[in-house]
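Here is what each chain is made of, one letter per residue.
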Amino acid sequence: MARQPAKTLWYDRPRYVFLEFCVEDSKDVKVDIEDDRVVFSCKNADGVEMFNKINLYARVNSKDSQQKRSDRSITCFIRKLKEKVAWPRLTKENIKPVWLFVDFDNWRDWEGDEEVELAMTAQYAELLQRVTVKAPPPAMDDLEFTTRVASCRPAELPAEGSAKAPLRGFHVELEDTILFPEGGGQPDDRGLIEDIPVLRVTRQGPAALHFVQAPLEPGREVLLTVDWERRFDHMQQHSGQHLITALADQMFGFKTTSWELGHQRTLIELDTPSVTAEQVAALEKNVNEKIRAHIPVVVKEHSEDDPEIETVRSRGLPDDHTGPVRIISIEGIDDNMCCGTHVSNLSDLQVIKILGTEKGKKNKTNLVFLAGNRVLKSVERSHSTEKALTSLLKNGADEHVEAVKRLQNSVKLLQKNNLNLLRDLAVLTAQNFKSNPGRGRVFVLHRKDGDSEFMNIIANEIGTEDTLLFLTVGDEKAAGLFLLAGPSEAVEKLGPRVAELLEGKGAGKRGRFQGKATRMSRRAEVQALLQDFLGHQSLEE
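No experiment lies behind these values; they were computed from the predicted model shown.

*Asks:* Residues and numbers for the packing of aromatic side chains, please.
*Replies:* Under the counting rule described, the total for this entry stands at 10 aromatic pairs. Here the aromatic rings of Phe18 and Phe77 are separated by 6.3 Å at their centres, their planes lie at 25 degrees, and the arrangement is stacked. Of this pair, Phe18 sits in strand E2 (residues 16-21) while Phe77 sits in strand E7 (residues 74-80), and the two are 59 residues apart along the sequence. As far as burial versus exposure is concerned, Phe18 and Phe77 are alike and both buried. Over the face of the ring belonging to Phe51 we find Arg3, whose NZ or CZ atom lies 3.9 Å from the ring centre. Of note, Lys96 hangs over the ring of Phe101, and the distance from its end group to the ring centre comes to 4.8 Å.

What follows is the structure in structure tokens.
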């Protein structure tokens, strides 16, 4: 999309010329104020590139000129080289661009206006001091950092479940941040702005947007705190991925095509159809030897045109990347372009356990691993499970698997015997009904531990030419299965109504309608419906 000029307002003062570039929610803002011109560029909220180049009417003092950004616009106050000399127009050329307008709300006669201008300039200077003059940037290991709010605007956080409504809150942009926004396969950090929880951190161009549920006033100084447990976990998994990726390539030529840092485990996609158990064992052994070797992990920054960038592993820079290029170097092992958070030494990884491999997409293999504290937590969970099984099975850990196999075989045998008994019970139930001389035209039965086969055996044994059967199995007050059987015409009329009463779904053919029900507690209403139907049928006969 071609770039467009931003709507620009201007007005003249004895000492300053004021410019306002009207772009809401601007990003990637760049303002170059030179002695004879102003060059402005940014992107608007829709990603459209805005660009203005203004050759000024007269020369200015660029060193004493500044600008500030707000959610609505970018304002410049430009110090005149010759004070108290009026500018009849803004541009050097005596041609008015279509995007340039006089700000009549602020244009006024100069007489007696110097105090107003000084007050306005002082106000701008105070805002600039609060908003644009930044403190020293945070260090990578800072757990707390004092910064200022640059902007705050309403936003929504999509709910994780598709049926849930989005969470309403605010996107807060800070002058600088210690919270990592999600990207490069690594999830985002969590933390606090003062005592307000940060629920998500996302990247928008060079800016990090912090989602919170309470508004924060722009210009306010705030204390930012990182959730260190989450941060360190991500550092261990991410640095572990770099190490495994590098060694898998060196040892076997397996290239990493993607990776995912999950809540429970981390996955590396390798460009190979298979990895043997021997290769996994050799890789895990080498990885842990490197951890014990106490090898430093160093962060290096390079300019984008540095030829050294071409020699490192990389999947390329994002289209909206700005600033230096960051390289994570594991000394003597790997150099990788990366924006994520990492440990400073491989010994901080503690240990890596490769859990195994899974079949990946498009003839690739997924390698699954845990690093650092996740290994310790996994061991703790496994030990707790082992203790519980020892207590339940009454044997040692080495015998657990065989004990469970014996129990499974016993359960299968019991289930088979139970099914045989249910079939026999279904036949006896049907025979008992048929042998009753006073039986009615409706047969209703509910059994908690039955199944579809149980109901169909009863229907087959009783027959459905003259009798209307309503059979149900499952929990009496919750969900279950139902079967309506009888004369085809009656079942065709009543089946959908029965499903509706039970708040379920079903289908039928040839005199049978069966399905699932969610409200078994309404069985009595179904029975009344059937009795009522037969009563009307008798009257018609």
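*Asks:* How would you summarise helix H5 (residues 400-434) if you had to cite specific residues and measurements?
*Replies:* In an α-helix, one full turn covers 3.6 residues, which means residues spaced three or four apart are oriented alike. In this model, H5 (35 residues) spans 51 Å end to end at C-alpha, consistent with the 51 Å of a helix rising 1.5 Å per residue. Restricting attention to buried positions, one finds in H5 the residues His400, Ala403, Leu422, Ala426, Thr429, Ala430 and Phe433. Its buried side turned inward, H5 meets helix H4 (373-393), strand E23 (442-447) and helix H6 (452-462).

*Asks:* Which residues make up the pattern of salt bridges, and what values go with them?
*Replies:* Oppositely charged side chains can pair when the atoms bearing their charge come close. For the coordinates displayed, the defined rule picks out 26 salt bridges. With a shortest N-O distance of 3.0 Å, Glu503 and Arg519 are connected by a salt bridge. A residue pair is termed long-range when its members are at least 10 positions apart, and Glu503 in the loop between helix H7 (488-501) and strand E26 (505-509) and Arg519 in the loop between strand E27 (512-517) and helix H8 (523-540) qualify at 16 residues. Residue Glu503 is classed as partly exposed on the basis of its relative accessible area, which comes to 38%. What makes Arg519 partly exposed here is its relative accessible area of 34%.

*Asks:* So, the sheet that holds strand E5 (residues 49-55): which residues are in play, and what are the values?
*Replies:* Spatially, 3 strands are ordered E3-E4-E5 in an open sheet, and the strand pairing comes out antiparallel. For this open sheet the edge positions go to strand E3 (27-33) and E5, each flanked by a neighbour on one side alone. When the angles between neighbouring strand axes are averaged without regard to direction, this sheet yields 5 degrees. Across 5 bridges, the pairing between E3 and strand E4 (residues 37-43) is antiparallel.

*Asks:* How would you summarise the pairing of E27 if you had to cite specific residues and measurements?
*Replies:* The pairing of strand E25 (residues 480-485) with E27 spans 6 bridges and is antiparallel. The residue bridging Leu484 from the neighbouring strand is Phe513, located in E27. One ladder, built from 5 bridges, connects E26 with E27; its direction is antiparallel. Directly across from Lys509, in E27, lies its bridge partner Arg512. Once E26 ends, the chain turns through 2 residues before running back antiparallel as E27, passing Arg510 with a positive phi of about 50 degrees.

Scoring rules and cut-offs
- Residues numbered from 1 in each chain as written.
- Predicted model: local features only at pLDDT ≥ 70, side-chain atom pairs only at ≥ 80, totals over all residues.
- Heavy atoms only, no water.
- Phe/Tyr/Trp six-rings, centres within 6.5 Å; stacked < 30°, edge-to-face > 60°.
- Helix = DSSP H or I, 4+ residues; strand = E, 2+ residues; numbered from the N terminus.
- Buried < 20%, exposed > 50% of the residue type's maximum accessible area, 1.4 Å probe, protein only.
- Lys NZ or Arg CZ within 6 Å of the ring centre and 35° of its normal.
- Expected span 1.5 Å × (residues − 1).
- Contact = heavy atoms within 4.5 Å.
- Salt bridge = Lys/Arg side-chain N within 4 Å of Asp/Glu carboxyl O.
- Pairing = 2+ DSSP bridges.
- Axes fitted to C-alpha atoms, helices over the stretch in contact; angles between N-to-C directions.

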